[in-house]
Amino acid sequence: QVHLVESGGGSVQAGGSLRLSCAASRWTTNCMGWFRQAPGKEREAVAGISKYGVPTYADFLQGRFTISTDAAGKILYLRMNSLKPEDTGMYYCAAGSYCGIVAGVRFWGQGTQVTVSS
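Read on for a plain summary of the structure. (Residues numbered from 1 in each chain as written. Predicted model: local features only at pLDDT ≥ 70, side-chain atom pairs only at ≥ 80, totals over all residues. Heavy atoms only, no water.)

1. Some words on the overall build of the chain
- Along the backbone of the chain there are zero helices and 11 strands.
- The order of α-helices and β-strands along the chain, N terminus first, is β-β-β-β-β-β-β-β-β-β-β.
- Its C-alpha atoms give the chain a radius of gyration of 13 Å, within 12% of the compact-globule value 13 Å for 118 residues.
- On the principal axes, the C-alpha backbone points of the chain span a range of 40 × 30 × 25 Å.
- Counting all 118 residues of the chain, 42% fall into the buried class.
- Taking the intrachain contacts of the chain between residues at least 6 apart in sequence as the baseline, contacts between residues at least 24 apart amount to 55%. (Helix = DSSP H or I, 4+ residues; strand = E, 2+ residues; numbered from the N terminus. Rg over C-alpha atoms; globule rule 2.2 N^0.38 Å. Buried < 20%, exposed > 50% of the residue type's maximum accessible area, 1.4 Å probe, protein only. Contact = heavy atoms within 4.5 Å.)

2. Some points on the state of the cysteines
- What the rule picks out here adds up to two disulfides.
- Each sulfur of the disulfide joining Cys22 and Cys93 lies 2.1 Å from the other. Disulfide Cys22 to Cys93: torsion about the S-S bond roughly -80 degrees, handedness left-handed. Of the two residues, Cys22 is situated in strand β3 (residues 18-24) and Cys93 in strand β9 (residues 89-96); the sequence distance between them amounts to 71 residues.
- Classification of Cys22 as buried rests on a relative accessible area of 0%.
- Take Cys93: its relative accessible area is 0%, and that puts it in the buried class. (Disulfide = S-S within 2.5 Å.)

3. Structural notes on the pattern of salt bridges
- Scanning the entire structure with this criterion turns up three salt bridges.
- A salt bridge links Arg36 to Asp87; its shortest N-O distance comes to 2.8 Å. Here the residue Arg36 occupies a position in strand β4 (residues 31-37), and Asp87 occupies one in the loop between β8 (75-80) and β9, the gap between them amounting to 51 residues. With respect to burial, Arg36 and Asp87 carry one shared label: buried.
- Residue classification places Asp87 among the buried residues on the basis of a relative accessible area of 0%. (Salt bridge = Lys/Arg side-chain N within 4 Å of Asp/Glu carboxyl O.)

4. With respect to the sheet that holds β8
- Reading across from one edge, β1-β3-β8-β7 is the order of the four strands in this open sheet, with antiparallel pairing throughout. The outermost strands of the open sheet, each flanked by one partner alone, are β1 (4-7) and β7 (65-69). Averaged over all pairs of adjacent strands, the angle between their axes in this sheet comes to 15 degrees, without regard to strand direction. (Pairing = 2+ DSSP bridges. Axes fitted to C-alpha atoms, helices over the stretch in contact; angles between N-to-C directions.)

This is the structure we're talking about:
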């Protein structure tokens with residue numbers, strides 16, 4: 001079992017930045033990542049990082065977000081710059097075998113809300 005706890009969400013104006021954190025009880029899966037879900041929409045992958053440190057990003061990010069971990073691999077970060085109103089949603093930390101799709105995730109955090117106002 002992997003326990004994930006997110007923090008760092010909040011409300012910002014468009015163009016602002018936030019950094020999300022996810023504390024993991026342990027990292028035993030192939031990857032960890034971030035997903036988001038806007039009201040009325042499906043949950044979508046935002047960024048992932050393999051246990052070898054290789055990051056992957058959703059195409060729609062256009063280089064605005066950066067995923068990283070601490071040296072111990074116990075904290076997952078998502079640095080979000082140039083935020084847009086369409087980035088608004090609940091952001092979930094995830095761990096699993098493939099972090100590019102919901103079906104590849106085995107463990108979920110409880111989520112942290114990000115709200116971007118125009």
